[in-house]
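# Structural overview
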Amino acid sequence: MPASLCGTWDMISNVNFDGYMSALISVYLRKIALRLKLRKVIEQQGDQYIIKTLSTFRNYAISFKTGQVFEEFTKGLDNRHIKSTVTWQGNKLTCEQVGEKKNRGWAHWVEGDKLHLELHCDGEVCKQV
Ligand code: ECB
């Protein structure tokens, strides 16, 4: 069993967030987003998950069951409609996001007492802890 991702996690590092966002949105919002200290709140009951990304500027939340494709609308982010599927790959909770943007997705895992997140889109990779 992978370590639980549940809890409230405050960002301590964020590498190439601007590169990742540049694959999705224009420069104006990126300037605001780059300054944010994001908080993740992850809740789980069985294979049902809620992941909230919270900030002083905007909040974003998704709810899904692992292994089942769901319609995701990235409201307040890049405002795209995508088809998302979240599965466990070893110790990583991984999401594939199929839509207009190629090679889009993310992976969450726990290492020690830290939550890691890798976000990717096109050739860009952002690494958050
Ligand atoms: C919700 C806080 C961020 C608000 C930033 C506002 C504008 C930026 C617009 C688009 C940039 C693209 C993505 C923002 C990046 C992070 C927010 C959610 C990232 C994500 O997909 O998280 C996953 C994995 O934890 C769950 O939704």
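Residues numbered from 1 in each chain as written. Predicted model: local features only at pLDDT ≥ 70, side-chain atom pairs only at ≥ 80, totals over all residues. Heavy atoms only, no water.

As a further point, take the site of the ligand. Neighbouring the ligand are 24 residues; Phe17, Ile25, Lys40, Arg58 and His108 lie closest to it. Here an oxygen atom of the ligand and a side-chain polar atom of Lys40 are 2.6 Å apart. In this structure, an oxygen atom belonging to the ligand sits 2.7 Å away from a side-chain N or O atom of His108. Cavity membership is defined here by more than half of the atoms lying within 2 Å of grid points; on that basis the ligand lies in the largest cavity. For the shell around the ligand, the secondary-structure elements that each account for two or more residues are helix 1 (17–22), strand 4 (48–54), strand 5 (60–65), strand 9 (104–111) and strand 10 (114–121). (Near = heavy atom within 4 Å. Polar contact = N/O pair within 3.5 Å; in protein donor to acceptor, adjacent residues only side chain to side chain. 1 Å grid on protein atoms, 1.4 Å probe; cavity = no way out; pocket = protein on both sides within 12 Å on 5 of 7 lines; lining within 4 Å. Sits in = over half its atoms within 2 Å of the grid points. Helix = DSSP H or I, 4+ residues; strand = E, 2+ residues; numbered from the N terminus.)

Mapped onto this numbering, the UniProt entry annotates "domain: Cytosolic fatty-acid binding proteins" (unreviewed entry) at residues 7–24. Taken end to end, residues 7–24 comprises 33% helix and 33% strand; its first and last C-alpha atoms sit 28 Å apart. (UniProt positions renumbered as here; feature names shortened; annotations may be inferred.)

The next subject is unusual backbone geometry. Look at Asn16: it is not a glycine, yet its phi comes out positive at around 60°. Checked against the element boundaries, Asn16 lands in the loop between strand 2 (14–15) and helix 1. Even without being glycine, Asp122 reaches a positive phi, approximately 55°. Within the secondary structure, Asp122 is located in the loop between strand 10 and strand 11 (124–128). Residue class for Asp122 comes out partly exposed when judged on its relative accessible area of 35%. (Buried < 20%, exposed > 50% of the residue type's maximum accessible area, 1.4 Å probe, protein only.)

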